[in-house]
Structure formats: C-alpha cells, structure tokens
Amino acid sequence: MTIETGRRQRLLALTGLVMLCALMALAWAATHLVAITSRQDMVLLAAVALVAIANGCSVPLRIRTQQRVTFTPAAIVVLSVLLPPAWLILCTGAGVALVKALTRYPSGGRLHKAIHNTALQIVAAACAAAVVGFLGISPTLDIDTSLTQSWSELLLAMVAAAVVVAVIEELVTPVTVSLATGAPWRRVILRELDLRLAGRVLEFVLASLTIAVIMVETSLILTFPFAVLSVYLVYTHRLRLRAERQMWTTLTDATSSLNTLSDLGALLYSAVRSVTALFGASRVEVELWTAGWERLVRIEHGLLSEGLPDTRPDETAPFVSCAIESFTDGPIGILRVYLSGARDQLSDREQAALRSFAASLSRAVHNAILHADLALVAESHAQAARTDPLTGLANRVGLMRELEEAVRGSDSPGLLLLDLNGFKKINDTLGHTAGDHLLVGVANRLATASARVGGFAARLGGDEFAVVLPGRGNRHQVVAEQILFEVNGPLQVAGMQIDVRASGGVATALARTSVQALVDDADAAMYRAKASKVPVVVHTPPEDGGPPRRLDLASEIGAALAAKSFVLRFQPIVDLASGQVIGCEALARWEHPVHGLLAPEAWLNLVEQSDHLAAFTQYVLRKALDAQRTWTEAGLDLIVSVNISPRCLLDEGFARTVHALIQTRRADPGRVVLELSETVPVSGLEAVDRTVTALRAAGVRVALDDFGAGPSSTLSVVSRLPIDEIRIHRSQVARMGSSRAAAVVVGAAIELGRDLSLAVVAEGVATVEHRRVLAGLGCRYGQGTLFADPMPSRAVIDLLSDGRGVAEPLPEAEAPALVGEAAAAP
C-alpha cells in the first residue's frame, strides 16, 4: 500500500465517522420535533437562510490552502438560544447542504468533501444544543419566549456553545486537511492560528450583538445577514492583503536565497523547498536536461529525492509548469508544481509569482553551471601547473608545495633526490623517444614504490626525480634504499632491455630548515652518491659551520670509541605533580676534534649500520651505570634510562651482556631502563621477543620509546612484549595544544599506560601549560627544557644537592590522584 493510498483510506474513514455522528443527530432530531404553526414556519425558513448565508460567506485563510473560515459557527451560536435542539440540528443541516448543493458540487467540487463539511456542521450544532440545554436554556419556536432568560444566562450559554463549536472544528478540520494534503498535522493546526482565533472572537461578538438586538426588537433578526455580509467583506479584504503580502515576501526571500548559492545541487534543493512553501504544493520537481548536468530533484510530502530526468512526467495528477531558460540555448529544464486537493490551476497572481520565480531560478542555474565550469577549468589549470606532462607525476611546483606542507605538519620530513646514471648516453644513442619511454617506466616504478611507503613522488626535469619521505629522520635512509631497490633493474625500452641504475641523496628537515635549503642539501648528497658510486648518501648537517662528510664520519667511529670521544648528557625525568627528579635519560654526543659537539642526528645511524654497534652500546651502558653509581654515592636514588638500537635485540647474548655490566657495577637492575623505539621494524621477530623477555627476567625495565612518532602497531608490541613504560614523543606533546590529533595520541598513551599499569613519561615538556595539561590527563612523569637541559652527570648532583627538585609542586587542584600509577612507578 502506498502512502497516498493509506492517507486516502484514513480520510474516508474520518469522513465516515463524522457522517455517522451527523446521521445519529438527525435521527434524534427527527424523533423530537415539536409541532409548528404557520407563523413559526417563517422562523424556521429565516433560520435556514441565516445558516446558508453564514456558510456561503467563506474565506480561505491562505492562497491555495485547504482551510477556510466561514461564519456558520456564529449562526449556530445565535440559533442555539433561539431554536429547540431538534430544529437547530435540522435547520443547520438544511442551510449548509443548500449552499454546498448550489456552489461546490456543480462547480466541480468533490461530493464527499461537501458531505463531510455538512455533516461536521450538523455535529457542531448538535453539540451546541446539548451544552445550551445542559446550562438550563430551553428555547422554543416562539422567539419572545426563548429570550425570557437574563442576559447573563444567555451570554454564558452562547460562550459555551461557541467554545464547543470551535473545539469540534479545530479538532476535526486540521486532521482532515493533513490527510488530504499530506502536510503534518502539527504544521496544519499551527498555520494561521492567529487568524482563526481572531475569526472565532469576531464570530462570537457578532452572535452576541445579534442576540442583544433581538432582545430589543425581535424583527431586527433580519439584520443578521447584512451584518454577516459586512464583516465578510471587511475580513476578506484584510485576508487578501495579508495573503498577497505574505506571498510576495516569501517570493522575494526565495529568489534572494537562490542568488547566494553556487552549488547546483544545493540550488535545486532550495528551489523545490521554496516552491512548496510558496504554493502549498504536494509535489515539486525541477528537471534539467542540459548536457553534462542531467538531473531531476523532487520534493514530495517533505521528502527530497534525486535521480535522472523522467522521460514522461506524471500526468495523472494536475500540475502547472514553467520552463527554465538558458541565455543562449533556450529551455534547459522545467519546473513542475503538482497541485494538492481539488485544485487544478493557479490564479493569475500565483501564475505571475511562479513565472517570476522560474526566471530567477533560470538565472541562478545558469550562474551555478558557469561557476562549476569555471571551477573545473581552474582546477584543471592548477593541476596542469603542478603536473609533469610526460610522466604524470608532480613537477617542481607540486613538489615544493608538498614539501612546504610536510615541513609545516611534521617535525622531520625527508627528501630523496635521485638521478639516473648514464641517461644522457641512452638519449644520444637510442633517441629522445626511447629516453622518454625510459623516463615514463622509471616514473611508474617510482610512483608505486613511494606510494607503498607513504611518500610523494615528483619529476623535477630531465632524468631527475624526487620523493618526499614521511616519518623520522633515522628511517629516511632505509626508506630511500628500499625505493631505489624497486626503481633499479632491467626495463624494456624500444625492444631493448636497459639496466636502470639511479643514485640518490637524502636530506632531513630539522628545526628552522627552509624548503629550498632541504632541496639543496638533498641535491648535494645526491651528487656525492654519484661521485662515490654508492646508491644513497644522507646529508649530515654541520654543528659548527663546517661541513662534515658522512663517509668521513663513518670511518672515524672506531677511533672515536677508542679515544672515548662519545660523551653522555643526562636530562632529568621529573614527577609532574611534585617536581621531584626520579631519574635521568642518557643522551649520547660526539665530541669531534674538528666539528665540535655533534648531535646524534649527524652520526647515530652510521653507528647502527657499522660493525661498531655492539661496542658502542656497551660503552654507553658503562658510562650510564658509572654516572648512576656516582649519584648513589652522593645520596641520590635515581633511575637511569638508555636508548638501545633495534639491531641489539637480534643478538641473543645481549641480555647476558647487560646483566653482566649491571652486576659488575653493583647496580640495581630495577633502576635501569632500556628504551626501544616504537618504530622498531624487527619487533615481530621471535629473537627480539626472547631478548626482551630475558632482559625483564634479569630485572631490567623496558620502555617503549617515541610513542606517536611512527606507524608501528603499539598495541601489538605492548600486548606481546613485557613492557614497563611508555614514552610519549616530544612532537606530540609540543602540538597537543594546537592539534586535536596530537591531543588524542597523548591521551591514548596515558589511557593505555593506566589500563596496563605502565609508567608513562612525556618527552619535550617545554612550558608550564604542558606540565599542567599532562598532569591533568593523568600523566605522572615528564622531561624537557621546562625542568632542565641535558647536562653532565656531575651537574645533576649540583642541581639536586638541596633536595628541592627542579620545579615547585603543582597546586593540589592541578595534581589529581593518578589511578593505577602506583604499581607502574619506576
């Protein structure tokens, strides 16, 4: 069953119920008639005439609405205190039926609607007669006798009758209109409520004045029709002015809103809603068939839908239409308004309003299509300006834009520049066409390889390509080597197999690195790679203005270890609530005889790739444990935290080495923390699991470092390995005030630590606000420049000699109890 069929059936059921009540009232009236005289015949005829005139003076509340105001209730109220109940019911039915028979039905109105309205007035008259009788008023056909009661009694009876009639009509009529039009019942009952209430008051005043006049002179009842006609003319005029004002105001607002919309879909949705509100239509359609924009938007009973244009419109329901015109191509669409109820056409005024709206819609559609076309052209030009026409990769402009966004959004993006070896020779021997085919093949490989690691590929010109590398700087070389591995290899060009070989240079954007400086650094590294005949060279930023060569640094690692040129600096780890230092993280530096103090970014990955990694790790552990023993002798009970390279975990003897170093220095293994990077690529290997388990069995604490800085699955690591601590990366702490994503990462780390009883340490705490927010979230520990910079081990003793910590305790309101942290405290 469709919605329309269901509504029609409910409407017929309601009409049947009203008719049943009316028939029962008529049957009762027929059995309770009293005898009449010839003089009383004239009274009854006058009563029928009063009802007929009052009912004929009906006024629509709005343009094309289903609701109308009649003066029938005024006639019923007057007659309820003048006629016996039976004659009141019969005269009301006769008067209303007479008007319907003479006007509605012959003019094409629906028969069931006329019957429904007649029955409703009969029911209202019966209820009015009942309430008047209940109040002790017993009218007769002798009007002089009927008006023997006091004026106060008559007025009370008329008020009760008016209220009963109003309640019946206000309950039944809105439901009828809602079922007939599909409009919500609440909207119907609230529509023009002020006008209806004003009409009810006017009807009661008219009825009261009529009774007052009759009490003075009975024959003056003949003035009632003239009073009704006068009020009707005034009321009609005011309603017509109001309706016209509302229609043109709505039309102005609707057309104005069209001019503000540039999106075609939003424009068509707004149009069908506006037309529905303007004309009270049951369905409105806007159909476009211009090339590239074919669509149909429809609103029916408040429900919006969209699809392709109908080949044939629904001609079973009456509708009016207006063409949507193009400025140059004639009609490009049509606006259809399907009328509801018994309407089959619009008035002249409404047709003018519809034409005006259609003209405005035509201009708005033209502008929206033009705006969309211009946007496509602009996007096409912008895309062409950023794209290399040969390979389809981004060009230099696109690369620079991507680099600028990467530098703004990440703490250390990288750039790989690569150049094909011997490309000029291929161009000279095989021709430029073959060279272009080779470039396209390399570009396809590069696009696939860079997409696999989350990079952004571009062609700078000639045989030079670039990839923006995501992630941390210590991973850029590994990612670059993986990309070059996939790019290099045999490639079929012009029926020949050419062995592609490329050299690459990598640079990492550090603090205050400009985009152009990043490109220059990667370019210099690429030419060093070509000169050295190695696949990849990583640019190393100088610390003192001198340019340390990466290959030179790699060759000096062994000598630096022998000369003990690597030194440790210690940064305090602080209880955020109390400000007390509970430990220090060991940070390695290289005191180079030429370049000065070098940060780990310049050399650490060289150590990890060399044969000196094991010796370097043992050296750092010994230095850290020696510093811890010095602190203990000075009365400071501090943990020491040391970073461990992922490669160390593959050595199954590493746990025994660490245990031996701890025993030799009589250290407490529970006060030693080994930090493993979150981005460790070997964390899924069984050898790693065994090493970490052995370290924990020896009493050493293990921390997951750099939470939030890499793409690895932290949950899989902490669920499989016996982790004691999570360390939140400084980049997430720095951005948690301005980035919702960073704040979510920080909160997730703290919640994870709380749920798994792990200690949580936030790195990079640089401001008082950082400390306050982290403490409020439940993070217990932090380290950063707010408390102290990295310092020599002796400076730690000097800093903590007074026992006061490095910061004042937070106020109690900002240092809440940390649920679940007690067991996780280092």
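Heads up: these notes are all about the structure in this document. Within every chain, residues take consecutive numbers counted from 1 along the sequence as written. Given that the model is predicted, a residue must reach a pLDDT of at least 70 before its local features are reported, and side-chain atom pairs must reach 80 or more before they are shown or counted; all residues, however, enter totals for whole chains, interfaces and linings. Heavy atoms from the whole structure form the basis of all side-chain values; hydrogens and water molecules are not counted.

Comments concerning the overall build of the protein chain
When you go through the protein chain residue by residue, the secondary structure sums to 28 helices and 23 strands. Across the 826 residues in the protein chain, those meeting the buried criterion constitute 48%. Any two residues whose heavy atoms approach within 4.5 Å are treated as being in contact. Restricting the contact set of the protein chain to residue pairs at least 6 apart, pairs at least 24 apart contribute 69%. Computed with a 1.4 Å probe, the accessible areas rest on the Shrake-Rupley method; for each residue, only the protein chains presented here act as cover. Accessible area of the protein chain: about 38,300 Å², with a carbon and sulfur share of 59%. Comment: elements are numbered from the N terminus, with helices defined as DSSP H or I runs of at least four residues and strands as E runs of at least two. Three labels apply to residues, based on accessible area from a 1.4 Å probe with only protein chains included: buried if under 20% of the type maximum, exposed if over 50%, partly exposed otherwise in between.

Some thoughts on a nonpolar patch on the surface
Distance thresholds for patches are 9 Å for like charges and 5 Å for nonpolar side chains (Val, Leu, Ile, Met, Phe, Trp, Tyr), applied to residues having over 30% relative accessible area and no salt bridge. One speaks of a salt bridge when a side-chain nitrogen belonging to Lys or Arg is within 4 Å of a carboxyl oxygen belonging to Asp or Glu. On the surface, Val-159, Val-163, Val-167 and Leu-171 cluster together into a nonpolar patch covering about 320 Å² of accessible area. Relative to the elements of secondary structure, Val-163 occurs in helix 7 (residues 151–181). On the basis of relative accessible area, Val-163 is assigned to the partly exposed category, the value being 46%.

With respect to the sheet that holds strand 8 (residues 414–420)
Strands pair, by our definition, only if DSSP identifies at least two bridges between them. Taken together, five strands build an open sheet; the order of strands is 9-10-8-13-14 and the sheet is mixed. Because the sheet does not close on itself, it has two edges, and the strands there are strand 9 (456–461) and strand 14 (536–538). The mean inter-strand angle of the sheet, taken between neighbouring strand axes irrespective of direction, is 20°. Sheet topology places strand 9 next to strand 10 (residues 464–469); five bridges connect them, and they run antiparallel. Every axis corresponds to a line fitted to the C-alpha atoms, with the helix fit spanning only the stretch in contact, and the corresponding angles, defined between N-to-C directions, vary from 0 to 180 degrees.

Comments concerning the pairing of strand 22 (residues 759–762)
Burial along strand 22 is two-sided: Ala-759 and Val-761 and Val-760 and Ala-762, pointing in opposite directions, are all buried. The pairing of strand 21 (residues 725–728) with strand 22 spans four bridges and is classified as parallel. Looking at the pairing, Ile-728 lines up with Ala-762 of strand 22. Here strand 22 pairs with strand 23 (residues 781–782) via two bridges, running parallel. Each residue of the ladder has a partner; that of Val-761, found in strand 23, is Tyr-781. Handedness of the β-α-β unit built from strand 22, helix 27 (residues 768–777) and strand 23 comes out right-handed. For a crossover, the right-handed case is the one in which the path from the first strand over the helix to the second runs clockwise, viewed with the strands pointing away from the viewer.

Remarks on helix 27
Those residues of helix 27 that fall on the buried side of the exposure criterion are His-770, Arg-771, Leu-774 and Ala-775. On an axial view of helix 27, the arc spanned by its buried residues comes to 120°, and they lie on one face. The exposed residues of helix 27 that point more than 90 degrees off its buried face are Val-768 and Gly-776. In this structure, the buried residues of helix 27 make contact with helix 25 (730–735), helix 26 (740–756) and strand 22. Looking one or two residues beyond helix 27, the residue adopting positive phi is Gly-778, at roughly 105°. An arc is given here, and it is the one of the directions from the helix axis to the C-beta atoms.

Side note on the state of the cysteines
Two cysteine sulfur atoms make up a disulfide if the distance between them is within 2.5 Å. Counted by the stated rule, this structure contains zero disulfides. Unpaired in this structure, Cys-21 has its nearest cysteine sulfur neighbour in Cys-127, at a distance of 8.2 Å. Residue Cys-21 is classed as partly exposed on the basis of its relative accessible area of 35%.

Quick look at the sheet that holds strand 6 (residues 319–326)
Strand pairs in the sheet, formed through backbone hydrogen bonds, run parallel or antiparallel to each other. Reading across from one edge, 5-4-3-7-6 is the order of the five strands in this open sheet, with antiparallel pairing throughout. Of all strands in the sheet, those with a lone pairing partner are strand 5 (303–307) and strand 6, marking the two edges. The average undirected angle you get between the axes of adjacent strands in this sheet is 15°. Taken together, the six bridges between strand 3 (residues 283–288) and strand 7 (residues 330–338) define a ladder with antiparallel strand orientation.

Description of the packing of helix 14 (residues 423–430) against helix 15 (residues 432–452)
In contact at an axis separation of 6 Å, helix 14 and helix 15 are set at 140° when each is read in the N-to-C sense. In this view, helix 14 runs oblique relative to helix 15, as classed from their interaxial angle. Here Phe-423, Ile-426, Asn-427 and Leu-430 of helix 14 come into contact with helix 15, specifically with His-432, Ala-434, Gly-435, Leu-438 and Leu-439. Gly counts as polar in this scheme, as do all residues outside two lists: the nonpolar Ala, Val, Leu, Ile, Met, Phe, Trp, Tyr, Cys and Pro, and the charged Asp, Glu, Lys and Arg. Here the residues of the contact of helix 14 with helix 15 are counted per class, giving six nonpolar, three polar and no charged. Any angle from 65 to 115 degrees is called roughly perpendicular, while one under 35 is roughly parallel, one over 145 is roughly antiparallel, and all others are oblique.

A word on the pattern of salt bridges
For the coordinates displayed, the defined rule picks out 21 salt bridges. The partner of Asp-388 in a salt bridge is Arg-459, with the nearest N and O atoms 3.2 Å apart. Placement of Asp-388 in the loop between helix 12 (348–386) and helix 13 (396–409) and of Arg-459 in strand 9 is noted, with a sequence separation of 71 residues between them. Salt bridges here are not isolated pairs; linked through shared partners, they connect Glu-585, Glu-675, Asp-705, Glu-725, Arg-727 and Glu-763.

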